[in-house]
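Each chain, written out:
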Amino acid sequence: MISKIHRLLTISTAMLVASTAIAAAEPSADLIAAAKKEGTLTTIALPHNWCGYGDLIAAFKAKYGIEVNELNPDAGSGDEVEAIRANKGNTGPQAPDVIDVGLSFGPTAKKEGLLQPYKVSTWDSIPDSAKDAEGYWYGDYYGVLSFVTNKDVVKNPPKDWADLQKPEYANTVSLAGDPRTSNQAVQAVYAAGLAAGEKDATKVGAAGLDYFAKLNKAGNFVPVIGKSASLAQGATPIVVAWDYNGLSWRDSLNGNPPVDVTVPASGVIAGVYVQAISAFAPHPNAAKLWMEFLYSDEGQIGWLKGYCHPIRFNDLAKNKKVPLELLDKLPPAAAYEKAVFPTLDEQDAGKTAITTKWDSVVGSNVQ
């Protein structure tokens, strides 16, 4: 078990340089009172089976007595940013207070003036390279892309990206989002480009598009957003999704059908997501209290229970706060050895090519 902990720490520090500060912290009584006075928090794009969010939302409501208005659980990162943009003057229930988006969306939303800064009490234990120095956005968790397979339909789960091109996987492969708007899907296309052998960040997106064009032409690609339900029903027997989503689906389906979660042998992409508060949040204090909750030990462990590696993982592990039984439920540590953490510039280069050229190159309307 110790070796597993060491491996996970190695994976994390491949991208992140951890602070040595030890987190303290409880939100102030004044913040709690102000948030309770507002009485509501509006979230967006937080499916209950994503990263343990169902339990986290329930725990937040129980702890503080604040209602949570949940908008469009299946939205992508681009949709979240657009929701802030479209509701600048709206203080009603359609205006999100907080967002949870792919890493590249944090800096762009800040640049556009859509975010407000806030540094949580545990700020010093968030690695410096995973947060905006001014507090406009900060990493929350990360995972790697995997193949999630319904073994009732697919008896021989794929082990690598090249496998998905085989005739035996006809009409089985889907993405867990629309690659024109979903960070998860964009990163999947990027991963396919890396697996194809392309190393130039400016060309990886194009290589990934070429891969999916071939997959689509072969009849293996299913233009349906893969979810737990479609996986179970056999409509999308293989879904390319973050490992934490696949592991959560596996547990919730409880063997009906049996589900295999495989980290591919190549093109292993690790993705960091970030939290931020809308500059126009109707409930700014509730938003700040939500951030305090998520970045507390309780909130971080809540993400780990949902199979997402929390951004404060190093700090928690160093202080022996990570339950060992949680680590036992993760894929073998060796599967993560080839994980690549694309930089923001690399992600931006890939994202631009993928989101703007998916229609012309792949020609499949994912919905």
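Draft legend 1. The arrangement of the nonpolar core in detail. Of all hydrophobic cores here, the largest spans 96 residues; its most connected members are Tyr53, Phe212 and Trp290. Contacts of Phe212, omitting those with residues within four sequence positions, involve Trp161, Leu175, Ala188, Val189, Ala192, Phe221, Trp358 and Val362.

Draft legend 2. Molecular detail of the state of the cysteines. Evaluation of the coordinates by the stated rule reveals one disulfide. Across the disulfide from Cys51 sits Cys308; the S-S distance is 1.9 Å. Judged by the torsion about the S-S bond (-80°), the Cys51/Cys308 disulfide is left-handed. Placement of the pair is Cys51 in the loop between strand E1 (40–44) and helix H3 (53–64) and Cys308 in the loop between helix H11 (297–305) and strand E10 (309–310), with a sequence separation of 257 residues. Judged by its relative accessible area of 0%, Cys308 falls in the buried class.

Draft legend 3. View of the pattern of salt bridges. Enumeration according to the criterion identifies 15 salt bridges in this entry. A salt bridge links Asp132 to Lys110; the nearest nitrogen and oxygen atoms lie 2.9 Å apart. In this pair, Asp132 is assigned in the loop between strand E4 (115–116) and strand E5 (138–150) and Lys110 in helix H5 (residues 105–111), connecting sequence segments 22 residues apart. Owing to a relative accessible area of 24%, Lys110 belongs among the partly exposed residues under this scheme. For the salt bridge of Arg250 with Asp251, the shortest nitrogen-to-oxygen distance reads 3.1 Å.

Draft legend 4. Representation of helix H4 (residues 77–86) within the structure. Residues of H4 that are buried: Ser77, Glu80, Val81, Ala83 and Ile84. Mapping the buried residues of H4 onto a view down its axis gives an arc of 150°, with all of them on the same face. In this structure, the buried side of H4 is in contact with E1, strand E3 (98–102), H5, E4, helix H6 (183–195) and strand E9 (270–278).

Draft legend 5. Spatial organisation of unusual backbone geometry. Residues Asn256 and Pro257 are joined by a peptide bond in cis, for which omega reads 5°. The residue Pro257 is located in the loop between helix H9 (243–253) and strand E8 (259–262) in this model. Positive phi, normally seen in glycine, also occurs at Asn171, with a value near 55°. Looking at the element boundaries, Asn171 is found in the loop between E5 and strand E6 (173–175). Of note, the phi angle at Asn254 is positive, near 50°, even though the residue is not glycine. Along the chain, the position of Asn254 falls in the loop between H9 and E8.

Draft legend 6. Looking closely at the pairing of E9. By the criterion of burial, E9 is predominantly enclosed, with nine of the nine residues buried. Bridge count for E3 against E9 is five bridges, and the pairing is antiparallel. Bridging across to E9, Val101 finds its partner in Val274. Alignment of E4 against E9, held across two bridges, turns out to be antiparallel. Considered in E9, the bridge of Gln116 is made with Ile277.

Draft legend 7. The environment of Leu316, seen in detail. Residue position: Leu316 is located in helix H12 (residues 313–318). Judged by relative accessible area, which is 1%, Leu316 ranks as buried. Note: C-alpha distance between Leu316 and Leu209 (107 residues apart in sequence) is 39 Å. Beyond its immediate stretch of four places on either side in the chain, Leu316 contacts Asp297, Gln300, Ile301, Pro310, Lys321 and Val322.

Draft legend 8. Fine view of the packing of aromatic side chains. Evaluation of the coordinates by the stated rule reveals 23 aromatic pairs. Centre to centre, the rings of Phe60 and Trp290 are 5.1 Å apart; their planes meet at 80°, and the pair counts as edge-to-face. One end of the pair, Phe60, is in helix H3; the other, Trp290, is in helix H10 (residues 284–294), and 230 residues separate them in sequence. Of the two residues, Phe60 and Trp290, neither departs from the other in class, the shared state being buried. Relative to Phe212, the ring of Tyr211 has its centre 5.3 Å away and its plane inclined at 75°; by these criteria the two rings are edge-to-face. A residue is classified by how much of its surface remains accessible, and Tyr211, at 9% relative accessible area, is buried. You can call Phe212 buried: its relative accessible area is 1%. The side chain of Lys351 reaches across the aromatic face of Phe105, ending 3.6 Å from its centre.

What counts as what
- Residues numbered from 1 in each chain as written.
- Predicted model: local features only at pLDDT ≥ 70, side-chain atom pairs only at ≥ 80, totals over all residues.
- Heavy atoms only, no water.
- Core = buried A, V, L, I, M, F, W, Y, C linked by side-chain atoms within 4.5 Å.
- Buried < 20%, exposed > 50% of the residue type's maximum accessible area, 1.4 Å probe, protein only.
- Contact = heavy atoms within 4.5 Å.
- Disulfide = S-S within 2.5 Å.
- Helix = DSSP H or I, 4+ residues; strand = E, 2+ residues; numbered from the N terminus.
- Salt bridge = Lys/Arg side-chain N within 4 Å of Asp/Glu carboxyl O.
- Arc of directions from axis to C-beta.
- Pairing = 2+ DSSP bridges.
- Phe/Tyr/Trp six-rings, centres within 6.5 Å; stacked < 30°, edge-to-face > 60°.
- Lys NZ or Arg CZ within 6 Å of the ring centre and 35° of its normal.

Geometry only, nothing functional implied.
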